[in-house]
Amino acid sequence: MPEPKIASFPAIRGALKFYQIASIITGVMLLLLCAEMVLKYTPIRLELFLGGSGGFLWFADVVEGPEGLESTGDGVNLSLGILIVHGWFYVVYLFACFRMWSMMRWRFPRFILLALGGVIPLLSFFMETRVARDVKAYLARREATDPTGSATQNPATEGAR
């Protein structure tokens, strides 16, 4: 598999920073989503609301209705907001994963593992640490062996990359 070109290292560093930020935000939102699901779908049956009749932040009961679980609260449903924000930010996280994966020219199973970080609780934190360590070590190693960026490549194969 071809390696990234030294000229792309600044872009890789930017992609790594974007991936790290997206990974942490997605991980936090996923943990909040898991907490919200535990509150709603276990016998606790609560949802978090902002404003309304219960005050600034309050929990409202969730009851079984004719169309499934229904909330009894009024105001802004923060539980639903967490769900929506995590869903949309997961798309941003997937973009960050794809960008990192394509710039580093990793194999496809690594992209799948990166993408799973947004749906398996805590995995994004572990992946963020590992990816950052691996990428920084790779960039440092490549720059140490070829600090000028004049890699000895065959000019005939350069256009094929």
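Shown above is the structure to which this text applies.
Residues numbered from 1 in each chain as written. Predicted model: local features only at pLDDT ≥ 70, side-chain atom pairs only at ≥ 80, totals over all residues. Heavy atoms only, no water.

A. Spatial organisation of helix H2 (residues 78–104). For H2, which comprises 27 residues, the first-to-last C-alpha distance of 38 Å matches the rise-based estimate of 39 Å (1.5 Å per residue) to within 8%. Burial in H2 covers these residues: Ser79, Ile82, His86, Tyr90, Tyr93, Ala96, Cys97, Met100, Trp101 and Met104. The inward-facing, buried residues of H2 contact helix H1 (9–41), strand S1 (46–50), strand S4 (76–77), helix H3 (108–116) and helix H4 (123–145). Regarding H2, its N-cap is asparagine 77, as a side-chain oxygen of that residue lies 3.0 Å from the backbone nitrogen of serine 79 further along. Looking one or two places after H2, you find arginine 105, whose phi comes out positive at around 60 degrees. (Helix = DSSP H or I, 4+ residues; strand = E, 2+ residues; numbered from the N terminus. Expected span 1.5 Å × (residues − 1). Buried < 20%, exposed > 50% of the residue type's maximum accessible area, 1.4 Å probe, protein only. Contact = heavy atoms within 4.5 Å. Polar contact = N/O pair within 3.5 Å; in protein donor to acceptor, adjacent residues only side chain to side chain.)

B. The arrangement of a nonpolar patch on the surface in detail. Together, Phe108, Ile112, Leu113, Leu116, Val119 and Ile120 make up a nonpolar patch on the protein surface, roughly 490 Å² of accessible area in all. Within the secondary structure layout, isoleucine 120 lies in the loop between H3 and H4. (Patch = residues over 30% accessible without salt bridge, like charges linked within 9 Å, V, L, I, M, F, W, Y side chains within 5 Å. Areas by Shrake-Rupley, 256 points an atom, 1.4 Å probe, with all protein chains shown as cover. Salt bridge = Lys/Arg side-chain N within 4 Å of Asp/Glu carboxyl O.)

C. Region of interest: the nonpolar core. Tyr19, Met100, Trp106, Leu114, Val131 and Val135 are the most contacted members of the largest nonpolar core, which totals 25 residues. Going through the elements one at a time, H1, H2, H3 and H4 are the ones with two or more residues in this core. (Core = buried A, V, L, I, M, F, W, Y, C linked by side-chain atoms within 4.5 Å.)

D. Local environment of the pairing of strand S2 (residues 57–65). Bridge count for S1 against S2 is five bridges, and the pairing is antiparallel. Bridge pairing links leucine 48 to phenylalanine 59 in S2. The hairpin formed by S1 and S2 contains six residues between the paired strands, and glycine 51 there has a positive phi angle of roughly 75 degrees. Here four bridges tie S2 to strand S3 (residues 68–71), and the two strands are oriented antiparallel to one another. Counted as the bridge partner of glycine 65 is glycine 68 from S3. The turn joining S2 and S3, which pair antiparallel and follow one another in sequence, is formed by two residues. (Pairing = 2+ DSSP bridges.)

E. Representation of the packing of H3 against H4 in the model. Taken N-terminus to C-terminus, the directions of H3 and H4 make an angle of 135 degrees; their axes are 8 Å apart at the nearest point. Compared by their axis directions, H3 and H4 come out oblique. From H3, Arg110, Leu113, Leu114 and Leu116 reach across to H4, where they touch Leu123, Met127, Val131 and Asp134. In terms of residue class, the contact of H3 with H4 is built from six nonpolar, no polar and two charged. (Axes fitted to C-alpha atoms, helices over the stretch in contact; angles between N-to-C directions. Parallel < 35°, antiparallel > 145°, perpendicular 65-115°, else oblique. Nonpolar A, V, L, I, M, F, W, Y, C, P; charged D, E, K, R; others polar.)

F. Molecular detail of the pattern of salt bridges. Scanning the model with the defined rule gives seven salt bridges in all. Of the charged contacts in the structure, one is a salt bridge between glutamate 3 and arginine 142, with a shortest N-O distance of 3.2 Å. One end of the pair, glutamate 3, is in the segment before H1; the other, arginine 142, is in helix H4, and 139 residues separate them in sequence. Glutamate 3 sits in the partly exposed class, given a relative accessible area of 41%. Overall, the relative accessible area of 11% leaves arginine 142 in the buried class. Among the charged side chains, a network of salt bridges with common partners joins Arg110, Arg130, Arg133 and Asp134.

G. Structural context of the packing of aromatic side chains. This model, assessed by the stated rule, comprises ten aromatic pairs. Between tryptophan 101 and phenylalanine 108, the ring centres sit 6.0 Å apart and the planes meet at 80 degrees, which makes this aromatic pair edge-to-face. Looking at phenylalanine 108, the relative accessible area reads 48%, which means it is partly exposed. Centroid distance phenylalanine 108 to phenylalanine 111: 5.9 Å. Interplanar angle 35 degrees. Geometry classified as tilted. With phenylalanine 108 and phenylalanine 111 both in helix H3 and three residues apart, the pair spans about one turn of that helix. Of the residues examined, phenylalanine 111 reaches a relative accessible area of 14% and is grouped as buried. An aromatic cluster is present here, built from Phe98, Trp101, Phe108 and Phe111 joined pairwise through their rings. (Phe/Tyr/Trp six-rings, centres within 6.5 Å; stacked < 30°, edge-to-face > 60°.)

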